[in-house]
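Summary of structural features
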Amino acid sequence: MAFKIRIMANHGPRGRGPVPQLVYRAEAYENDERFAERKWACEHEHETVEHAFNCGEEWLARNPKID
Ligand SMILES: [Zn+2]
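Residues numbered from 1 in each chain as written. Predicted model: local features only at pLDDT ≥ 70, side-chain atom pairs only at ≥ 80, totals over all residues.

Helices and strands together make up the secondary structure of the chain, namely 1 helix and 3 strands. Mapped from its N terminus to its C terminus, the chain presents α and β elements in the order β-β-β-α. Looking at the chain residue by residue over its 67 residues, the buried ones come to 12%. For the chain, the proportion of contacts with a sequence separation of at least 24, taken over those separated by at least 6, is 43%. (Helix = DSSP H or I, 4+ residues; strand = E, 2+ residues; numbered from the N terminus. Buried ≥ 20, exposed ≤ 12 C-beta atoms within 10 Å, placed from the backbone. Contact = placed C-beta atoms within 7 Å.)

Below, the discussion takes up the sheet that holds strand β1 (residues 3-11). Reading across from one edge, β1-β2-β3 is the order of the 3 strands in this open sheet, with antiparallel pairing throughout. The open sheet has two free edges, formed respectively by β1 and β3 (40-41), since each of these has just one partner strand. Sitting on the sheet, helix α1 (residues 49-62) is in contact with β1, β2 (22-30) and β3, with an inclination near 30 degrees to β2. (Pairing = 2+ DSSP bridges. Axes fitted to C-alpha atoms, helices over the stretch in contact; angles between N-to-C directions.)

All right, on to the environment of Lys39 then. Note on placement: Lys39 falls in the loop between β2 and β3. Residue Lys39 is classed as partly exposed on the basis of its 15 C-beta neighbours within 10 Å. When the C-alpha atoms of Lys39 and Phe3 are compared, they prove to be 8.5 Å apart, with 36 residues separating the residues in sequence. With residues near it in sequence (within four places) discarded, Lys39 still touches Phe3, Ala28, Tyr29 and Glu30.

One face of the sheet, then the other: side chains in a regular strand alternate in exactly this way. Across 9 bridges, β1 lies against β2 in antiparallel orientation. Bridge pairing links Arg6 to Glu27 in β2. In terms of strand pairing, β2 meets β3 through 2 bridges, oriented antiparallel. Residue pairing in the sheet places Glu27 in a bridge with Ala41 of β3.

Along the chain, His46 falls in the loop between β3 and α1. Residue classification places His46 among the buried residues on the basis of 21 C-beta atoms within 10 Å. Separated by 21 residues in the primary sequence, His46 and Arg25 place their C-alpha atoms 6.3 Å from one another. Not counting chain neighbours up to four residues away, the residues in contact with His46 comprise Val23, Tyr24, Arg25, His51, Ala52 and Cys55.

Spelled out as structure tokens, the structure:
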């Protein structure tokens, strides 16, 4: 089994404009579970999907799954 990364979008804090920005978080889950609970979620508020995905990839590199 291996972890996979998914990106969740949330509304960020107001204050930088009239429209709340979306922020993105990376989550890791096990790819053999159709409705898998997340095993990890990053604590950042990434401004782009790419940043969040890179964050998740870095976490995967630090946390190889061993079964
Ligand atoms: Zn992150």
